[in-house]
Amino acid sequence: MNGKEGHYPDYPLFKGLQRPLEFMGIQGRYIYWAAATIGIAIVGFIIAYCMAGFVLALIALSVTVTSGVGLILFKQRKGLHSKRQERGVFIYAYSKKM
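Definitions and cut-offs
Residues numbered from 1 in each chain as written. Predicted model: local features only at pLDDT ≥ 70, side-chain atom pairs only at ≥ 80, totals over all residues. Heavy atoms only, no water. Helix = DSSP H or I, 4+ residues; strand = E, 2+ residues; numbered from the N terminus. Buried < 20%, exposed > 50% of the residue type's maximum accessible area, 1.4 Å probe, protein only. Contact = heavy atoms within 4.5 Å. Phe/Tyr/Trp six-rings, centres within 6.5 Å; stacked < 30°, edge-to-face > 60°. Axes fitted to C-alpha atoms, helices over the stretch in contact; angles between N-to-C directions. Parallel < 35°, antiparallel > 145°, perpendicular 65-115°, else oblique. Left-handed = near helix turned anticlockwise from the far one by under 90°. pLDDT = per-residue confidence, 0-100.

A. How the structure looks around the overall build of the protein chain. Secondary structure assignment for the protein chain yields 2 helices and 2 strands. Secondary structure elements of the protein chain occur, N-terminal to C-terminal, as β-β-α-α. Classification of the 98 residues of the protein chain by burial places 12% in the buried group. Considering only contacts in the protein chain between residues 6 or more positions apart, those separated by 24 or more positions represent 59%.

What follows is the structure, encoded as structure tokens:
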């Protein structure tokens, strides 16, 4: 290295590896849900515009976006790893075979 100490370049270290991906307040898998909502809204707007006109296409766009955002916010409040929880008592009679 021509008489200088070998100094390696410094690179920033991303320390959030154990946290879920977040974009504009939307986390993890709901980013894909938001992308699907936007895609469906655009395609729905185009189809409604061709078939019914501009005003009805705007109504279809606003209904699609509103329901998609509402569903995302409702599901995200439950958590990223929310699963269906069965209620009741479960009896496993034959859990082990002899």
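From this point, the discussion proceeds with the structure in view.
B. View of the packing of aromatic side chains. Within the structure shown, the criterion is met by 4 aromatic pairs. Measuring from ring centre to ring centre gives 6.1 Å for Phe45 and Tyr49, while their planes differ by 15 degrees; the resulting arrangement is stacked. Within this pair, Phe45 and its partner Tyr49 are both found in helix H1 (residues 30–51), separated by 4 residues, close to a single helical turn. Exposure remark for Phe45: the relative accessible area of 21% places this residue in the partly exposed category. Considering the side-chain rings of Phe45 and Phe54, the 6.2 Å spacing of their centres and the 85 degrees angle between planes classify their relative orientation as edge-to-face. Put simply, the rings of Phe45, Tyr49 and Phe54 pair up and form one aromatic cluster.

C. Region of interest: the packing of H1 against helix H2 (residues 54–78). Two elements in contact, H1 and H2, have axes whose closest approach is 8 Å; the angle formed by their N-to-C orientations is 165 degrees. By the angle class used here, H1 and H2 are roughly antiparallel. The hand of the H1/H2 crossing is right-handed.

D. Spotlight on the confidence of the model for the protein chain. Overall, the prediction assigns the protein chain a mean pLDDT of 80, with 77% of residues at 70 or greater. When mean pLDDT is compared element by element in the protein chain, H1 scores highest at 91, while strand S1 (residues 22–23) scores lowest at 73.

E. Expanded view of the side chain of Thr37. As for its position among the elements, Thr37 is in helix H1. A residue is classified by how much of its surface remains accessible, and Thr37, at 13% relative accessible area, is buried. Once residues lying within four places of it in the same chain are set aside, the contact partners of Thr37 are Thr64, Val65, Gly68 and Ile72.

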